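# Summary of structural features
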Amino acid sequence: KLGVIFPVKQGEEPMVAFPLVLPMGWVNSPPIFCAATETATDLTNAALSEHTNVPPSHHLDVLAATMDEEAHIKIDCHGNTDTKFRSSPHETSTPHMTTASTSYDIPRDPSLPHPKWLLSYVDVFVDDFIGLAQGQQNRRRVRKQLLHAIDKVFRPKQDSDSIHRREPVSLKKLKKGDCSWHTTKLVLGWILNTKTLTVELPSHRQERLNEILSSINSSQKRISTKKWHKILGELRSMALALPGARNMFSHMQEALTTQKGKRVSLKKGVHDSLEDFRWMFRDIANRPTRMAEIVPLLPSAIGYHDASLDGAGGVWFPHTTLNPRGVSPSSSSHQPIAWRYAWPDHIKKELVTEHNPNGTITNSDLELAGGLLHLEALAQHFDIRERTVISNTDNLASLYWQRKGSSTTNSPPAHLLRLFGIHQRFHRYVPRHDYIPGKSNPLADAMSRLFDFSDQQMLSHLTSLFQQNTSFRLV
């Protein structure tokens, strides 16, 4: 599909050149190249699944092993082992991990698997292979399987080859620490620490984040569109492992829709969002992101919520492994909880209705606010740190706002989504959102509408709607 026609003199044969390698910058190169690297990954994982399969030695494995973390254990003059391993060459400029990441007393999520075999897995991002392994001997096994799989896809260098042909695996990167095992490793721009189970921004990215935030003072009114696009792109790339950060972009995106010429207006909402990022930046040093905060697992609590003109309400069904707040765990402390909240009159007066078309609050805004109250009801009564929770709603607009984390608007959803992000970051849980048809949501429907019922009447009504071994607890 790619060829170059060479100009020739009159009477000469036409010449067309076809590259024998994949050119950089050609649009078709990535999918073709990724097909090869993905194949090598599949071959590796297929071989690793045969746990008794012991691969033969590989000459590059010997070189890579000299860069492993264990290879740098030092013996002092008394013959004692120095347990302070030398870091990977990629980590020499990164800050040490803080002790804050290991100071929690959080029980292990019961939905995590208990595999029979030691962890052995390989993945790939374009041309960067990423390996996970447990056990010293098993690590060598994983690396050798990967190197042999690469040799099956990309022919290894032979003595008869041209002096210009290189090994498919970069020897230069190998000597710098690539393909070596470390408990702390720079992977795709993030520092992964498998001892503390944390993810951190490298020091140069933290410095860049500080540079971005410092370049825009609180009184600045405008910025060039080109620079704003660049800032948004960099902030989004850093937000991947900063819990709550993805909820801070609504006002920042909305600024692009109201740009005038080549300038973007920085209104109060934009500066508030930038201040949120400054708060996160100050928090980074004492609060490395735990992997359990960004990887969803099986839910530890499932809830249903709804909202109406009168108020909002919902129910939560917590798993018995969640620790209740303020009381010792018992059968009654894990009762399903129900909550409700009547809207103040000034909120009701602003709702857009047939009789009030000029209102400033929509039904979807109330549903979104109800979703935030729903999460707060659970967080107030259970320790949901590093646990996955699923919140169900029958409103599609608020569902997709919550899933996306932002909306290109300056209206109430933008402010509410910021609060969602702050709430998630403070309570350290993994939120998931799903849809339930209105007809299948009678419990939340009742909690958001029957405000003329007393607490006892409401509990009796919930029991009549949903029979179970234990009663609801109204909070």
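Structure: see above.
Notes on the structure in this doc start here.

### Let's talk about unusual backbone geometry
In this structure, Val126 takes a positive phi of about 60° despite not being glycine. Here Val126 shows up in the loop between strand S5 (120-125) and strand S6 (128-133).

### Here we look at the sheet that holds strand S8 (residues 190-193)
What the four strands build is an open sheet, ordered S7-S8-S9-S12; its pairing is antiparallel. This sheet does not close on itself; its edge strands, each paired only once, are strand S7 (184-187) and strand S12 (289-290). Where S8 and strand S9 (residues 198-200) come together, three bridges link them in antiparallel fashion. Bridge pairing in S9 places Leu192 opposite Val199.

### Quick look at the side chain of Gln253
Tracing the sequence through the fold places Gln253 in helix H7 (residues 250-257). The residues touching Gln253, leaving out its near neighbours within four places in the chain, are Arg236, Ser406, Ser407 and Thr408.

### Notes on the packing of aromatic side chains
Here the structure, examined in full by the defined rule, presents seven aromatic pairs. Measuring from ring centre to ring centre gives 5.9 Å for Phe317 and Phe472, while their planes differ by 70°; the resulting arrangement is edge-to-face. Here the residue Phe317 occupies a position in strand S14 (residues 311-318), and Phe472 occupies one in the loop between helix H14 (455-465) and strand S20 (473-474), the gap between them amounting to 155 residues. On the basis of relative accessibility, which here comes to 22%, the residue Phe317 falls in the partly exposed class. Aromatic ring contacts, followed pair by pair, group Tyr304, Phe317, Phe466 and Phe472 into a single cluster. Sitting above the plane of the Trp190 ring, Arg205 keeps its charged end 5.0 Å from the centroid.

### Overview of the packing of helix H1 (residues 29-49) against helix H3 (residues 136-153)
Between H1 and H3, the least distance of the axes is 8 Å, while the angle of their chain directions is 135°. Here H1 lies oblique to H3, going by the angle between them. Along this stretch, H1 crosses H3, giving a crossing that reads as right-handed. Where H1 approaches H3, its residues Ala36, Thr39, Ala40, Leu43, Thr44, Ala47 and Leu48 are matched on the opposing element by Arg141, Val142, Gln145, Leu146, Ala149, Ile150, Lys152 and Val153. Residues of the contact of H1 with H3, tallied by class, amount to ten nonpolar, three polar and two charged.

### So, the sheet that holds S20
Across a sheet, paired strands are connected by hydrogen bonds in the backbone, their directions being either parallel or antiparallel. With mixed pairing, the six strands of this open sheet are ordered in space as S19-S18-S13-S14-S16-S20. Because the sheet does not close on itself, it has two edges, and the strands there are strand S19 (430-435) and S20. Lying on the sheet, helix H10 (residues 363-381) is in contact with strand S13 (301-307), S14, strand S16 (337-342), strand S18 (388-393) and S20; it crosses S13 at an angle near 145°. Contacting S18 and S19, helix H11 (residues 396-404) runs over the sheet at an angle of about 155° to S19.

### As for a positive patch on the surface
On the surface, Arg166, Lys172, Lys173 and Lys176 cluster together to form a positively charged patch. Of note, Arg166 is situated in the loop between H3 and helix H4 (171-176).

### So, helix H12 (residues 412-427)
Between the first and last C-alpha of H12 there are 23 Å, a value that for 16 residues agrees with the 22 Å anticipated at 1.5 Å per step. Looking at H12, one finds that the buried residues are Pro413, Ala414, Leu416, Leu417, Arg418, Phe420, Gly421, His423, Gln424, Arg425 and His427. On the buried face of H12, the contacting elements are H7, helix H8 (268-284), H10, H11 and S19. Of the residues trailing H12, Arg428 is marked for its positive phi of about 60°.

### Examining the environment of Arg278
Summarising the element assignment, Arg278 is placed in helix H8. For Arg278, a relative accessible area of 16% corresponds to the buried category. Distance from Arg278 to Arg165, taken between C-alpha atoms, is 49 Å for residues 113 residues apart in sequence. Excluding residues that lie within four positions of it along the chain, Arg278 makes contacts with Leu213, Ile216 and His271.

### Overview of a nonpolar patch on the surface
A cluster of nonpolar side chains, contributed by Val4, Phe6, Val8 and Met15, occupies part of the molecular surface with about 340 Å² of accessible area. If you trace the backbone, Val8 turns up in the loop between strand S1 (4-6) and strand S2 (15-17). Among the residues examined, Val8 registers a relative accessible area of 35% and is labelled partly exposed.

About the cut-offs
- Counting restarts for each chain, with residues numbered from 1 along the sequence as it is written.
- It should be noted that, the model being predicted, local features are given only for residues of pLDDT at least 70 and side-chain atom pairs only at 80 or more, the latter also being counted only at that level, while totals for whole chains, interfaces and linings use all residues.
- Hydrogen atoms and water are omitted, and side-chain values are computed over all heavy atoms in the structure.
- Strands here are runs of E lasting at least two residues and helices are runs of H or I lasting at least four, both read from the DSSP assignment and numbered beginning at the N terminus.
- Here, any two strands with at least 2 DSSP bridges between them count as paired.
- Only heavy atoms enter the contact rule, under which two residues are in contact if any of them lie within 4.5 Å.
- Within 6.5 Å between ring centres, the rings of Phe, Tyr and Trp (the latter by its six-membered ring) count as paired, and their orientation is classed by plane angle as stacked under 30 degrees, edge-to-face over 60, tilted in between.
- Classification of residues uses two cut-offs on accessible area relative to the type maximum, computed with a 1.4 Å probe and protein chains only: under 20% is buried, over 50% is exposed, and between them is partly exposed.
- Only when the NZ atom of a Lys or the CZ atom of an Arg is both within 6 Å of the ring centre and within 35 degrees of the ring normal do we say a charge sits over the ring.
- Here an axis means a line fitted to C-alpha atoms, over the contact stretch when the element is a helix, while the angle between two N-to-C directions is reported on a 0 to 180 degree scale.
- Note that the term roughly parallel is reserved for angles under 35 degrees, roughly antiparallel for angles over 145, roughly perpendicular for angles of 65 to 115, and oblique for everything else.
- Handedness of each helix crossing follows the sense of rotation of the near helix against the far helix: counterclockwise by less than a right angle gives left-handed, clockwise gives right-handed.
- Think of it as three bins: nonpolar holds Ala, Val, Leu, Ile, Met, Phe, Trp, Tyr, Cys and Pro, charged holds Asp, Glu, Lys and Arg, and polar takes everything else, Gly as well.
- Exposure above 30% relative accessible area and the absence of a salt bridge qualify a residue for a patch, where like charges join within 9 Å and nonpolar side chains (Val, Leu, Ile, Met, Phe, Trp, Tyr) within 5 Å.
- Exposure was quantified through the Shrake-Rupley algorithm and a 1.4 Å probe, taking into account, for residues, occlusion by the shown protein chains and nothing else.
- A carboxyl oxygen of Asp or Glu within 4 Å of a side-chain nitrogen of Lys or Arg is what we treat as a salt bridge.
- Positive charge is attributed to Lys and Arg, negative charge to Asp and Glu, and no charge count is given to His or to the chain ends.
- Note on charges: their place is set at NZ of Lys, CZ of Arg, CG of Asp or CD of Glu.
- In a helix, the anticipated span is given by 1.5 Å times the number of residues less one.

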